Amino acid sequence: MMSRRMACRVTAVLLAVAAAVPVGTATAAPGPPPPAGGRALTGPASPATASPATVGRTTVACAAGRGPYQRQVERWLRLAVDGRQSAADCEAVRAFQARQGIKPANGYAGPVTWARMRLLSARTAPTDTGAEGATGDAAGPATGAVPDPASGSAAGPASGAATGGASGPAAGVVASAGCPVRSYRVACVDLKRQLTWVQKGGKTLFGPVAMRSGGAGHRTRTGWFRIYWKHKNHWSSLYNAPMPYAQFFSGGQAFHAVSGSIHTTGGSMGCVNLRLADARKLWSVLKTRDHVYVWGRRPGS
């Protein structure tokens, strides 16, 4: 039997608990268990009545200043093109960023947002630069303007690679507004739009995907080339840096993967940088002696 002293202690504890809970207040139900893996997903605190849009506006301030790609982004979203950031512009850009998973979704017309728009435009018709609209490239591919390297022309891959500099393609090579369609595989490198893909005939075999080419002083050479060496786990002795899935096409210039973002203003040291997943897939598509066609010029280079 419980002693009188023990019973008094239990009663005192129950009274203290009852006093701590105000009248009319319900105790909170236990929260959901954390997801598999043991770590709960965390997010910004928000009022229970706030909608996701309201939460977004309270946690991420809308960018007031214009971005470097303000006009291009306005044109792509079919807004009034004035190059100035308005509240309506910010909301439209932010909605696009939220749909595409771009963080922070703050309405800033920066390089990541513009690169995503270019990529979306190119997915349906990579060679149709006019479909992009915002670049000012109204012309499509220049039919017949690019010599066929398989014909033995002096403007083929060998002579293009022999230029050795960043001054442009070899004599006789016309850098068209798009990638020439051939009966064999061609790796297309569009410097202006910063996109690359592989096509054969009228079929796209890979991409298009975003890329990063050479910046000022280290431009990626233009013209016809061929993949002459593939090295999956290459290490650059010149820059003491890894170059995974390297596929060389012009001297030391190659397609290869990089860590971190490829959407930088400075550009690469001349190579065509890709995200790891894209570089891995491109490795499986291209073979030694496949053709590469590079044209255009990287903005700001």
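K.L.:
What is the right way to look at the sheet that holds strand β3 (residues 203-210) in this model?
P.N.:
Hydrogen bonds along the backbone pair up the strands of a sheet, which may run parallel or antiparallel. What the 5 strands build is an open sheet, ordered β3-β2-β1-β9-β4; its pairing is mixed. The sheet is open, and its two borders are formed by β3 and β4 (223-226), each paired with just one other strand. Across the sheet, the mean angle from the axis of one strand to that of its neighbour is 20°, orientation sign disregarded. Here strand β1 (residues 185-190) pairs with strand β2 (residues 195-200) via 6 bridges, running antiparallel. Pairing of Val189 across the sheet is with Thr196, part of β2. Contacting β1, β2 and β3, helix α7 (residues 276-285) runs over the sheet at an angle of about 155° to β3.

K.L.:
Quick question: what am I supposed to make of the side chain of Thr196 here?
P.N.:
The topology assignment puts Thr196 in strand β2. With near-sequence residues (within four places) excluded, Thr196 lies in contact with Cys188, Val189, Phe206, Gly207, Pro208, Val209, Met211, Phe255 and Leu274.

K.L.:
Whenever I open this one, the state of the cysteines confuses me. Can you help?
P.N.:
Disulfide: a covalent bond formed between the sulfur atoms of two cysteine residues. Taken as a whole and judged by the stated rule, the model has 2 disulfides. For Cys62, the disulfide goes to Cys90, at an S-S distance of 1.5 Å. Of this pair, Cys62 sits in the loop between α2 (52-59) and α3 (70-76) while Cys90 sits in helix α4 (residues 87-100); the two residues are 28 residues apart in sequence, bridging distant segments of the chain. One disulfide in the model links Cys179 with Cys188; its S-S distance is 2.0 Å. Across the disulfide from Cys179 to Cys188, rotation about the S-S bond amounts to roughly -75°, and the bridge is consequently left-handed. The same class applies to Cys179 and to Cys188, which are both buried. Sequence-ordered numbering of the bonded cysteines in the protein gives a disulfide pattern of 1-2, 3-4.

K.L.:
Explain α4 to me, please; I cannot follow it from the model alone.
P.N.:
One turn of an α-helix holds 3.6 residues; hence residues three or four places apart share an orientation. Here α4 spans 20 Å end to end across 14 residues, near enough to the 20 Å set by a 1.5 Å rise per residue. Asp89, Cys90, Val93, Arg94, Phe96 and Gln97 are the residues of α4 that are buried. Down the axis, α4 shows its buried residues gathered within 160° of arc, on one side only. Residues of α4 that are exposed and angled more than 90 degrees away from the buried face: Ala87, Ala88, Ala98 and Arg99. One or two positions beyond α4, positive phi appears at Gly101, with a value near 75°.

K.L.:
In this structure, what is going on with the pairing of strand β7 (residues 253-257)? I would like to understand it.
P.N.:
Within β7, 5 of the 5 residues are buried, which leaves the element mostly enclosed by the surrounding structure. The alternating pattern of β7 places Gln253, Phe255 and Ala257 and Ala254 and His256 on opposite faces, both of which are buried. Note that strand β6 (residues 241-250) and β7 share 3 bridges and pair antiparallel. In the strand pairing of β7, Phe248 is matched with Ala254.

K.L.:
Please explain the packing of aromatic side chains as it appears in this structure.
P.N.:
How two aromatic rings sit relative to each other is set out by the distance from centre to centre and by the angle between their planes. Under the criterion given, the structure shown has 10 aromatic pairs. When the centroid spacing of 4.9 Å and the interplanar angle of 45° are considered together, the rings of Trp224 and Tyr293 count as tilted. Of this pair, Trp224 sits in strand β4 while Tyr293 is found in strand β9 (residues 291-295), placing the two residues 69 residues apart along the sequence. For the residue pair Trp224 and Tyr293, the accessibility class agrees, reading buried in each case.

K.L.:
So what exactly am I meant to see when it comes to the nonpolar core here?
P.N.:
As a rule of thumb, soluble globular proteins bury nonpolar side chains together. Of all hydrophobic cores here, the largest spans 22 residues; its most connected members are Val189, Phe249, Phe255, Leu274 and Val292. Counting only elements with at least two residues in this core, the list comes to β1, β3, β6, β7, β8 (272-274), α7 and β9. With 4 residues, the single largest contributor to this core is α7. With 11 residues, the next largest nonpolar core counts Leu119, Tyr184, Val186 and Cys188 among its residues.

K.L.:
How do you make sense of α7 when you look at a structure like this?
P.N.:
The set of residues buried in α7 consists of Asp278, Ala279, Leu282, Trp283 and Val285. Down the axis of α7, the sector holding all buried residues measures 160°, keeping them to one side.

What counts as what
Residues numbered from 1 in each chain as written. Predicted model: local features only at pLDDT ≥ 70, side-chain atom pairs only at ≥ 80, totals over all residues. Heavy atoms only, no water. Pairing = 2+ DSSP bridges. Helix = DSSP H or I, 4+ residues; strand = E, 2+ residues; numbered from the N terminus. Axes fitted to C-alpha atoms, helices over the stretch in contact; angles between N-to-C directions. Contact = heavy atoms within 4.5 Å. Disulfide = S-S within 2.5 Å. Buried < 20%, exposed > 50% of the residue type's maximum accessible area, 1.4 Å probe, protein only. Expected span 1.5 Å × (residues − 1). Arc of directions from axis to C-beta. Phe/Tyr/Trp six-rings, centres within 6.5 Å; stacked < 30°, edge-to-face > 60°. Core = buried A, V, L, I, M, F, W, Y, C linked by side-chain atoms within 4.5 Å.

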